[in-house]
Amino acid sequence: MKNQLLKSGILALCITLLSGLYASHALAQKKGKPQEIEFSQQSYKQVMATAKKTHKQVFIDAYAVWCSPCKELRKTTFKDAKTAAYFNKNFINFSVDVEKGDGVELAKTWQVEGLPTLLIIDENGKVLANHTGFVDGNGLMQFAQEAINSIQ
């Protein structure tokens, strides 16, 4: 009986310690999580409805899964902390595969001729700026600034 209580106490202590370690690890991960551009999981129609409601412009990443420069954007540019903070604050970010689903028609509408194609559109869907090809974080910030300056 005494051994059983001792084992139960040790087990409870271990569970408590592991729970605390897990919670502090999760908190550290959240704090240390690298910032990146957060792309909406909504459909294009829903994104545009949100843009109209919030009067925000939409940043679009038009890509294909086989596209190496597209992959490089995701791996580096979209994870640049300064760029991510700016885009997450000022735009609704939308990423679309131009070879699947609605992406095929959207690519035609936007006249996508190369990949990756980066666009900034207004709340009515008018293209304000476009860029084809890879760009680093500073280049993406400059692209956004040019789009903003074009409407002022």
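Let me sum up the structure you'll find in this document. (Residues numbered from 1 in each chain as written. Predicted model: local features only at pLDDT ≥ 70, side-chain atom pairs only at ≥ 80, totals over all residues. Heavy atoms only, no water.)

## Quick word on the sheet that holds strand β4 (residues 127-132)
Read across the sheet, four strands follow the order β2-β1-β3-β4 without closing on themselves; strand pairing throughout is mixed. Each end of this open sheet is capped by a strand with a single partner; those strands are β2 (91-97) and β4. For this sheet, the mean angle separating the axes of adjacent strands, direction not counted, is 15 degrees. Lying over the sheet, helix α3 (residues 68-75) contacts β1 (57-63), β2 and β3 (117-121), oriented at roughly 130 degrees with respect to β1. (Pairing = 2+ DSSP bridges. Helix = DSSP H or I, 4+ residues; strand = E, 2+ residues; numbered from the N terminus. Axes fitted to C-alpha atoms, helices over the stretch in contact; angles between N-to-C directions. Contact = heavy atoms within 4.5 Å.)

## Structural notes on the side chain of D61
Looking at the secondary structure, you find D61 in strand β1. On the accessibility criterion, D61 (0% relative accessible area) is buried. Reaching out from D61, the side chain makes a polar contact with the side chain of R74 at a distance of 3.3 Å. With residues up to four places along the chain from it excluded, the contact list for D61 reads F39, L73, R74, F78, F94, S95, V96, P116, T117 and L118. (Buried < 20%, exposed > 50% of the residue type's maximum accessible area, 1.4 Å probe, protein only. Polar contact = N/O pair within 3.5 Å; in protein donor to acceptor, adjacent residues only side chain to side chain.)

## Focus: the state of the cysteines
Applying the stated criterion across every chain, the model contains one disulfide. Two residues share a disulfide in this structure: C67 and C70, whose sulfurs sit 2.3 Å from each other. Because the torsion about its S-S bond is 80 degrees, the bridge between C67 and C70 counts as right-handed. Like C67, the residue C70 is buried in the burial classification. (Disulfide = S-S within 2.5 Å.)

## Regarding the pairing of β4
As paired elements, β3 and β4 share five bridges and run antiparallel to each other. Bridge pairing in β4 links I121 to V127. Counted along the chain from β3 to the antiparallel partner β4, the turn is five residues long, and its residue G125 has a positive phi close to 95 degrees.

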